There are 2 protein chains.
Amino acid sequence: MDDRTYTAEATPGETVTVAGWVHEIRDLGGIAFLILRDTTGRIQVKFEKDEMDDELVEMGLGVSRESVVAVTGDVKEEPRAPTDVEVVPESVEVLSRADTELPLDPTGKVDAELSTRLDNRTLDLRREAGQAIFSIRSEVQAAVREAFREADATEINTPKIVATGTEGGTELFPITYFGREAFMNQSPQLFKQLIAGSNLERVFEIGPIFRAEEHNTPRHLNEATSIDFEGAFCDHNDAMDVCESVVVAAYEAVAENCAEELDALGLDEFEVPDTPFPRISYEEAIERINATGELDEQLVWGDDLPTEGEKALGNDVGGHYFITDWPAEIKPFYIMDHDDDETLSTGFDMMHPRMELVSGGQREHRREELIAGFEAQGLDPEAFEYYTKMFKYGMPPHAGWGLGAERLIMTMLDLDNIREAVLFPRDRQRLSP
Amino acid sequence: MDDRTYTAEATPGETVTVAGWVHEIRDLGGIAFLILRDTTGRIQVKFEKDEMDDELVEMGLGVSRESVVAVTGDVKEEPRAPTDVEVVPESVEVLSRADTELPLDPTGKVDAELSTRLDNRTLDLRREAGQAIFSIRSEVQAAVREAFREADATEINTPKIVATGTEGGTELFPITYFGREAFMNQSPQLFKQLIAGSNLERVFEIGPIFRAEEHNTPRHLNEATSIDFEGAFCDHNDAMDVCESVVVAAYEAVAENCAEELDALGLDEFEVPDTPFPRISYEEAIERINATGELDEQLVWGDDLPTEGEKALGNDVGGHYFITDWPAEIKPFYIMDHDDDETLSTGFDMMHPRMELVSGGQREHRREELIAGFEAQGLDPEAFEYYTKMFKYGMPPHAGWGLGAERLIMTMLDLDNIREAVLFPRDRQRLSP
């Protein structure tokens, strides 16, 4: 359809063909309006019944909402029209007729349940707010990649079908792979490390991860998008610097390029986070959580932070922040401990006041310590030989992190449920569409 | 390691710390050189044995190849050095020692089997040529996304765990999903169409696809990266235009930004394809193939094109080209036929002289015809109700295509085997690393 004009680009004085969905029909008697909607916005098409051909009027006004039409006509200035212009139609072609009953209302005037919306994403994303979330998601991915490129990182794609999981056999979806057992990968962790040890040095990936966790909460998914970074010759502080720059770049791009989308979501007070993000030690974190009095029981050294504790601390801090210097025993074995205190890990989390967004750290690059870590975790190092073997051939110190893309979008746009940030979410109940 | 300087940025007169791998040690007696390699290149470190501290000399020259070292010293001009500069070391720190026996030679002087290289990707991608392929791959993805953005397309992520495959149950890897049977998706086809029917209108995705095909060839993978486009209000010609612009943008970006990488791959005569790509009808294609005399048997209308035929035609055309107007019966049911001749499909393939890169077409957006297509294909339309249902609510005409990212890289860089273009390929035999 080479000759189609976007509604937003229809200029008075031109004859155009606009095409899109019948958003609404307003029949005022002698005059009626068809509001045509496309990806760029809406335009009013005016039917003056007495002055126009009956067939044309019937074609334009007899069509059901959400049907797809192409309208050819002259564009006129019309200050009373919502966009100050209207089309006076010469012809109307119906390209696709919609049922008169719709499972949800794309004008957004009638609210629908989330499950109804997810069952009918095509219609749901004809709502302004729905379209806005995914336009922003696309913008965020572009900004994140650009920030990685500025940090000298190369984009990679690691395999999603794997022989062994990153952290063992739990929480993995099993696959039948040509008669063998395999799994869907829960994290690119081991693979991105292998490539950080090559001459590429700094790498990133934005790709799917799969977790067979039986969570059923508004912030867990069984298939999610992970934004991953790994860099040779980086320590945990370097990794936090890259993390901060990537997250801030995403906010800045949205603030700069997505004003309409933010407006559609009612986010007039969208703010780019202040930098630097505070770096709070685990020790300070539990002290501050305890001081809020929000928890029934005081936290002690070695406790993992409960969700309520994270929230209390998030309220206290009031913005994005890092938690550093975790007890070594509650971080994964592939995270390095501090040189000068082996009870302390270089692992870090990056937090939004509402929830954890990022987990990272400097990695253990010393092969013997790494193998001991597998054993301590109850994993058979033999099963990971493809990985540990490379640590014999000059594995540089390296660090990295993983950021949940949906959590980034969810917290950025203040969405109630993480499923709002995924086109077709996967959870224990939902496998289709 | 905030104070690290890339070897390519070490400037005479400065004192720097460079860090990387021991590429080579050349001991000439009284003088010896350590060639240090990092992601940006190499630099010579000079040891004048009589004038330097013995311990320093021993530390620098006693270390095995591929060990990781950090060298601090003054950068001097030295016209006899490969990069016209050298480092006179003040200190050498060994960050990670490598075994003296390596499974392959990262200097590239000794060739290794592909399987050895794939088993040892970390080492393999310390070779210049290995690094070059994946730097280019990253550049291609960036250029492709930019071209999509210029074509007003929004980046999407569709689910990889699905209840039903795009084209039925064959060639799918089964998963156990919380006790239910599910599959790894073989194509984003149905999902991208559902979103093209939303207000996003034009969408693209670069993501993994999974095919349980028992091929064992240098150009098939069981897990691949697919570059997908789908656009509402597009016909097959619009889709071909976008396809051509995306592929050309990838070549242009590589020509412009990857001179060193092309050099490392010996591709001095890299050329951006001429446009427009010829659009050759299926009918003309079989005539031209028959005329080459390369096939033992002449092709007749309705035959699929055999690999040998594609090669003969590719040689004849000499560059990228489209094959259009296929017999409807050999294209998938979701491709629309021509209005004026139902035996002809709007489906198209985009070909490199060596192989098919892209398959696309205008889609069937009329629900009744679509359901009839499922039935004709022997598929139960009920199983796809989540998809066909949306065609009741105003599905616009739309068109799109899928491009194999690895085939694009393989043909662009004249690689013999598609596995060269994937970090960790998956085939019937290879599931690890």
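For every chain, the first residue of its written sequence is number 1, and the numbers climb from 1 along that sequence. Just so you know, chain letters begin at A and ligand numbers begin at 1, following the order they were written in. Whole-chain, interface and lining totals are the exception, using all residues; otherwise, since this is a predicted model, local features are given only for residues with pLDDT of at least 70 and side-chain atom pairs are given and counted only at 80 or more. With hydrogens and water stripped out, all remaining heavy atoms of the structure feed into the side-chain values.

Things to note about the sheet that holds strand 1 (residues 15-27) of chain B
All names here are of chain B.
Okay, so step 1: Taken in spatial order, the five strands of this closed barrel run 1-2-3-5-4, and their pairing is mixed. Averaged over all pairs of adjacent strands, the angle between strand axes in this sheet comes to 50°, irrespective of strand direction.
Okay, so step 2: When DSSP finds two or more bridges between a pair of strands, those strands are recorded as paired. Each helix is a run of DSSP H or I of at least 4 residues and each strand a run of E of at least 2, with the numbering of both proceeding from the N terminus. Pairing of strand 4 (residues 68-77) with strand 5 (residues 85-96) involves ten bridges; the strand directions are antiparallel. Along strand 5, the bridge assignment pairs Glu-77 with Val-85.
Okay, so step 3: Against the sheet, helix 1 (residues 54-61) engages strand 1, strand 2 (31-38), strand 3 (41-48) and strand 5, with an angle of about 75° to strand 5. Interaxial angle, 0 to 180 degrees, is taken between N-to-C directions of lines fitted to C-alpha atoms, where a helix line uses only the stretch in contact. Contact criterion: two residues are considered in contact whenever any of their non-hydrogen atoms come within 4.5 Å of each other.

A look at the UniProt feature "binding site: L-aspartate" (unreviewed entry) in chain A
Residues and elements named next belong to chain A.
Okay, so step 1: Within this structure's numbering, the places UniProt gives as "binding site: L-aspartate" (unreviewed entry) are Glu-167, Arg-211, Ser-359 and Arg-363.
Okay, so step 2: Within the secondary structure, Arg-211 is located in the loop between strand 10 (202-210) and strand 11 (223-232).
Okay, so step 3: Buried means the residue's accessible area, taken with a 1.4 Å probe over protein chains only, is under 20% of the maximum for its type, while exposed means over 50%, and partly exposed covers the values in between. Owing to a relative accessible area of 31%, Arg-211 belongs among the partly exposed residues under this scheme.
Okay, so step 4: Not counting chain neighbours up to four residues away, the residues in contact with Arg-211 comprise Glu-171, Phe-173, Gln-186, Ser-187 and Asn-222.
Okay, so step 5: Locating Ser-359 in the fold gives a position in strand 17 (residues 355-362). UniProt positions are given in the numbering used here, feature names are shortened, and annotations may be inferred rather than shown by experiment.

Structural notes on the domain arrangement of chain A
Residue and element names in this part refer to chain A.
Okay, so step 1: What the domain assignment reports for chain A is domain 1 (4-96) and domain 2 (122-278 + 319-420).
Okay, so step 2: Each domain span listed reflects an automatic or database assignment of domains. Using only C-alpha atoms to locate each centre, domain 1 and domain 2 end up separated by 47 Å.
Okay, so step 3: Computed with a 1.4 Å rolling probe, the buried area is the accessible surface lost when two parts are put together, summed over both parts. Carbon and sulfur atoms supply 34% of the area that domain 1 and domain 2 bury against each other, a total of about 390 Å² over both sides.
Okay, so step 4: When the area that domain 1 buries against domain 2 is broken down by residue, the three leading residues are Arg-37, Arg-42 and Glu-66, summing to 60%.
Okay, so step 5: Counted as salt bridges are all cases of a side-chain nitrogen of Lys or Arg within 4 Å of a carboxyl oxygen of Asp or Glu. Viewed at the interface, domain 2 and domain 1 are joined by two salt bridges.
Okay, so step 6: Here Glu-128 makes a salt bridge to Arg-42, at a shortest N to O gap of 3.6 Å.
Okay, so step 7: Here a polar contact means two N or O atoms within 3.5 Å. Within protein one must be a hydrogen donor candidate and the other an acceptor candidate, and residues neighboring in sequence count only if both atoms are side-chain atoms. Remark: the boundary between domain 1 and domain 2 carries two residue pairs in polar contact (both at pLDDT 80 or more).
Okay, so step 8: The residue makeup of the side of domain 1 that touches domain 2, split by class, is one nonpolar, one polar and three charged. When residues are grouped by polarity, Ala, Val, Leu, Ile, Met, Phe, Trp, Tyr, Cys and Pro land in nonpolar, Asp, Glu, Lys and Arg in charged, and all others, Gly among them, in polar.

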